[in-house]
Amino acid sequence: MDFYSFLIQLLNGVQYGLLLFLVASGLTLVFGIMGIINLAHGSFYMVGAYLAFSLAGLTGNLFTALPLGIGVSVLLGFALEWLFYRHLYARDHLYQVLMTYGLILVFEELRSIIWGDDVHGVAVPDLLSASLPLTDNLSYPVYRLAMSGVCLLIAGGLYGLIKKTRLGMMIRAGSSNREMAEALGVNIKRVYTVVFALGVALAAFAGMIAAPVSSVYPNMGAQVLIICFVVVVIGGIGSVWGALLAAILIGLTDTFGKVLLPDYAGMSTYILMALVLLWRPEGLFKR
Amino acid sequence: MKSKTSVLLLIVLLLFALFPFVGEKFYVQLVAKVMIMAIFAMSLDLLVGYSGLVSLGHAAFFGLAGYVLARLAPQYEAASLWTSLPLALAACAAFALLTGLLVLRTSGVYFIMVTLAFAQMLFFVFHDTPLGGGSDGIYLYAKPELMLGGTSLLNLEDHRVFYWFVLGLVAAVYLLLQRLLDANFGRALIGIKSNEHRMRALGYDTFRYKLGIYMLSGMLAGLAGYLAAMQYGFVNPDILGWHTSGSVLVMVILGGMGTLHGAALGAFVFILLQEVLSNQAWFGPVAKHWQLAMGLFIIAVALFLPRGLAGLSGQRKLREETHG
């Protein structure tokens, strides 16, 4: 592999990892703070991608589709939390698995009813459709660079939100001791609702910006969900920074695995997980 | 086992044994499928219900055994049951040992995610590498034969014989597990489920107990997978997929955890519901979207029926005892 091919794969790996981080951060936040294991998280990613497909078709541009899609997914998050998830906070993980598995089936069928079972594409916005030439016959799409940039911005924003704002303080308080936070006057139920909606929006946003690159297809959420579980396991549950590092590690492993050992690439990330488990059974950044 | 339950179970067994004499071929095959799933569900119940280990990757064993059978069978000819079944179970035991050493180091929500991840890894092994047959899978043109000195003991190609063969295995698995769980081994597991630290303080090597039940559970899931591959006549990566793991978990919780017959009941209701909801003659074009109704049903069970169907009847007291 020459330098430029290596560079391209490196950028692809980081971009894939950062995208996974958007999905995994919501998963790990919702688990770390609310104690909920959410199998339906991958469905939010899928919903985002389909929203991008519909809204970009409707408005003619992905840029206008993004804020609309975020709005819809935040509302969806509020509704789901209110209807389903809040009844499971005090329950065993088993029932959370069961209910969220049921939700996956519901989301997949609703997707099939609303959008059908075909594969769709979403156009890259004109502004970002260019490619940066690297050599005579190799180039790198600007859109992918923009994706990585946006993901990094969001990671920074999450850091600021959790460490520097009043809401972030309440989130941290609620995750370390729910009763004490409540006794000190934090409306923990509202914090939960907000965190859940944030998680849904992050996953849906990831789906929206990924849509032009990965296209939009049935069951696209499941694969992302399982990889994000691996990310969360490697990073340590509840740790957003662990998720960031683990996501990039997984992104690079998967991308280079596909280039170097195509037949075994599907397994590579899981082998990485097995190795981490041998070394640190509770992840790299257990809180 | 209480004598009243034994009599009831004996009657149920007898009714099931007589069913092929009256039922049509389609229904005999359907009930055979239910019984295979009952073995699968009981095997998972050992983990979820008795040991408190919520596995979301149980399909790995189910599929692995099926693939071992498919790989061992000569093309267009029958494999020998004497060799293929023990080898399939041994493969499951080995996979359980290998992954068990890793997954049992974790607990709670980690366990759920890691079991799912390892099952997915196996999915890719059979999906991507030359070991499996890609996404199409492998066909089994003949069911394995049970030969003894040149004569076939059972004609498993006959749907009735196959049915009785499966029924015998379900009964054997049920009795074996009932004995095992009543013995010290089962008591220790329930102790570990309710308080692992206490059991360790009492001198139990809890890890070995958990590894033991994990391997046994994997092998029984393998038995079910072997039978399923035999019945369907093909294996494909879907049988290793996480929807298979999800479905069997639904069966266990639906029937009621921690009671073997609850798991069997759950399998029965789940498969029947699947058949009914996807029946085009009854629901027309809506039947295509049967998973919507199934999903809503599963959500309702999670929210409103934590003890499952077995918990609706007089099992409440027994379950409280086992849950301590």
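In this text the structure is predicted, and so the values were computed from the model without any measurement. (Residues numbered from 1 in each chain as written. Chains lettered and ligands numbered in written order. Predicted model: local features only at pLDDT ≥ 70, side-chain atom pairs only at ≥ 80, totals over all residues.)

Visitor: What exactly am I supposed to notice about the overall build of chain A here?
Guide: Across its full length, chain A holds 11 helices and 2 strands. Listing every helix and strand of chain A by position from the N terminus yields α-α-α-α-β-β-α-α-α-α-α-α-α. Expected size for 287 residues packed as a compact globule is a radius of gyration near 19 Å; at 19 Å, chain A falls within 12% of this value. Reported as C-alpha extents along the three principal axes, the dimensions of chain A are approximately 65 × 50 × 35 Å. Across the 287 residues that make up chain A, the buried fraction comes to 49%. Expressed as a percentage of contacts within chain A between residues at least 6 apart in sequence, the contacts between residues at least 24 apart total 76%. (Helix = DSSP H or I, 4+ residues; strand = E, 2+ residues; numbered from the N terminus. Rg over C-alpha atoms; globule rule 2.2 N^0.38 Å. Buried ≥ 20, exposed ≤ 12 C-beta atoms within 10 Å, placed from the backbone. Contact = placed C-beta atoms within 7 Å.)

Visitor: For this particular structure, what's the right way to read the overall build of chain B?
Guide: Counting its secondary structure elements, chain B contains 14 helices and 4 strands. The globule rule puts the C-alpha radius of gyration for 324 residues at 20 Å, and the 19 Å found for chain B is close to it. Dimensions of chain B, computed from the C-alpha atoms along their principal axes, are close to 55 × 45 × 40 Å. In chain B, which comprises 324 residues, the share counted as buried stands at 47%. Restricting the contact set of chain B to residue pairs at least 6 apart, pairs at least 24 apart contribute 77%.

Visitor: Just to check I follow, could you spell out helix 4 (residues 93–115) of chain A for this structure?
Guide: Helical geometry note: an α-helix holds 3.6 residues per turn, so side chains three or four residues apart project in the same direction. A rise of 1.5 Å per residue sets the reference length of helix 4 of chain A, with its 23 residues, at 33 Å; its end C-alpha atoms lie 32 Å apart and thus fit the reference within 8%. Looking at the residues trailing helix 4 of chain A, positive phi occurs at A:Gly116, about 80 degrees. (Expected span 1.5 Å × (residues − 1).)

Visitor: Would you mind going over helix 13 (residues 290–304) of chain B with me for this structure?
Guide: Between its terminal C-alpha atoms helix 13 of chain B stretches 21 Å, which fits the 21 Å expected from 15 residues at 1.5 Å a residue. Restricting attention to buried positions, one finds in helix 13 of chain B the residues B:Trp290, B:Gln291, B:Met294, B:Gly295, B:Ile298, B:Ile299, B:Val301 and B:Ala302.

Visitor: Would you mind going over the interface of chain B and chain A with me for this structure?
Guide: Reports of interface size often rely on the accessible area that becomes lost once the parts have come together. Opposite the 39 residues of chain B that make contact, chain A presents 37 residues. For the side of chain B that touches chain A, the elements supplying multiple residues, two or more each, are helix 5 (108–128), helix 10 (242–255) and helix 13 of chain B. If you tally residues by element for the side of chain B that touches chain A, the top one is helix 5 of chain B, at 15 residues. Counted by class, the side of chain B that touches chain A contains 28 nonpolar, 9 polar and 2 charged residues. (Nonpolar A, V, L, I, M, F, W, Y, C, P; charged D, E, K, R; others polar.)

Visitor: What should I look at first to understand the confidence of the model for chain B in this one?
Guide: The predicted coordinates of low-pLDDT regions are not to be read in fine detail. All names here are of chain B. Taken as a whole, chain B shows an average pLDDT of 88; of its residues, 95% reach a score of 70 or greater. Predicted confidence for residues 315–324 stays below pLDDT 50, and this span has 14 contacts to residues more than four positions away or in other chains. Confidence estimates for the predicted assembly give a pTM of 0.90 and an ipTM of 0.89. (pLDDT = per-residue confidence, 0-100.)

Visitor: Which parts of the structure should I look at to understand the nonpolar core?
Guide: Side chains of nonpolar character tend, in soluble globular proteins, to be buried together. Grouped together as the largest cluster of nonpolar side chains are 205 residues, with contacts concentrated most on A:Val231, B:Ala38, B:Ala41 and B:Ala117. For this core, the element with the highest residue contribution is helix 8 (residues 188–214) of chain A, accounting for 17 residues. If sequence neighbours within four positions are ignored, A:Val231 has contacts with A:Leu20, A:Ala24, A:Ala243, A:Ala246, A:Ala247 and A:Ile250. (Core = buried A, V, L, I, M, F, W, Y, C linked by C-beta atoms within 7 Å.)

Visitor: Even after reading the chapter, I still don't get the packing of helix 9 (residues 220–235) of chain A against helix 5 of chain B, so can you show me in this structure?
Guide: Packed helix pairs are specified by the crossing angle of their axes together with the interaxial distance, meaning the distance between the axes. Running from amino to carboxyl end, helix 9 of chain A crosses helix 5 of chain B at an angle of 130 degrees, the nearest separation of the two axes being 9 Å. In terms of axis orientation, helix 9 of chain A runs oblique to helix 5 of chain B. Read as a crossing pair, helix 9 of chain A and helix 5 of chain B show a hand that is left-handed. Contact residues: A:Ile226, A:Phe229, A:Val230, A:Val232 and A:Val233 in helix 9 of chain A; B:Tyr110, B:Met113, B:Val114, B:Leu116, B:Ala117 and B:Gln120 in helix 5 of chain B. Its residues assigned to classes, the contact of helix 9 of chain A with helix 5 of chain B shows 10 nonpolar, 1 polar and no charged. (Axes fitted to C-alpha atoms, helices over the stretch in contact; angles between N-to-C directions. Parallel < 35°, antiparallel > 145°, perpendicular 65-115°, else oblique. Left-handed = near helix turned anticlockwise from the far one by under 90°.)

Visitor: Help me out: how do you make sense of unusual backbone geometry in this one?
Guide: A negative phi angle is the norm for most residues apart from glycine, just as the trans form is the norm for most peptide bonds. All names here are of chain A. Even without being glycine, Ser215 reaches a positive phi, approximately 65 degrees. Turning to its location among the elements, Ser215 is positioned in the loop between helix 8 and helix 9. At Asn219, a residue that is not glycine, the phi angle is positive and equals roughly 60 degrees. Tracing the backbone through its elements, the reader meets Asn219 in the loop between helix 8 and helix 9.

Visitor: Hey, could you run me through the pairing of strand 3 (residues 151–154) of chain B in this one?
Guide: Regular strands show a simple pattern: their side chains alternate between the two faces of the sheet. Residue and element names in this part refer to chain B. Across 3 bridges, strand 2 (residues 146–148) lies against strand 3 in antiparallel orientation. When the sheet's bridge partners are listed, Met147 is paired in strand 3 with Ser152. Where strand 2 folds back on strand 3, the antiparallel hairpin that results is connected by 2 residues, among which Gly149 adopts a positive phi of roughly 55 degrees. (Pairing = 2+ DSSP bridges.)

Visitor: Mind showing me how you'd approach the environment of B:Ala59 here?
Guide: Residue and element names in this part refer to chain B. Here Ala59 lies in helix 3 (residues 59–72). Look at Ala59 and you get buried, because 30 C-beta atoms sit within 10 Å. Distance from Ala59 to Ile299, taken between C-alpha atoms, is 21 Å for residues 240 residues apart in sequence.

Visitor: Sorry, what's going on with the environment of B:Leu169 here?
Guide: Within the fold, B:Leu169 resides in helix 6 (residues 159–182). Once residues within four sequence positions are removed from consideration, B:Leu169 is found in contact with B:Ile39 and B:Leu223.

Visitor: It is not clear to me how the packing of helix 3 of chain B against helix 9 (residues 206–232) of chain B should be interpreted in this structure. Could you clarify?
Guide: All names here are of chain B. At a minimum axis separation of 7 Å, helix 3 and helix 9 run at an interaxial angle of 50 degrees. Considering the angle they form, helix 3 stands oblique to helix 9. Between helix 3 and helix 9 lies a crossing whose hand is right-handed. Residue-level inspection shows Phe61, Phe62, Gly63, Leu64, Ala65, Gly66, Leu69 and Ala70 of helix 3 in contact with helix 9, the latter providing Gly218, Ala221, Gly222, Ala224, Gly225, Tyr226, Ala228 and Ala229. For the contact of helix 3 with helix 9, the per-class residue count stands at 11 nonpolar, 5 polar and no charged.

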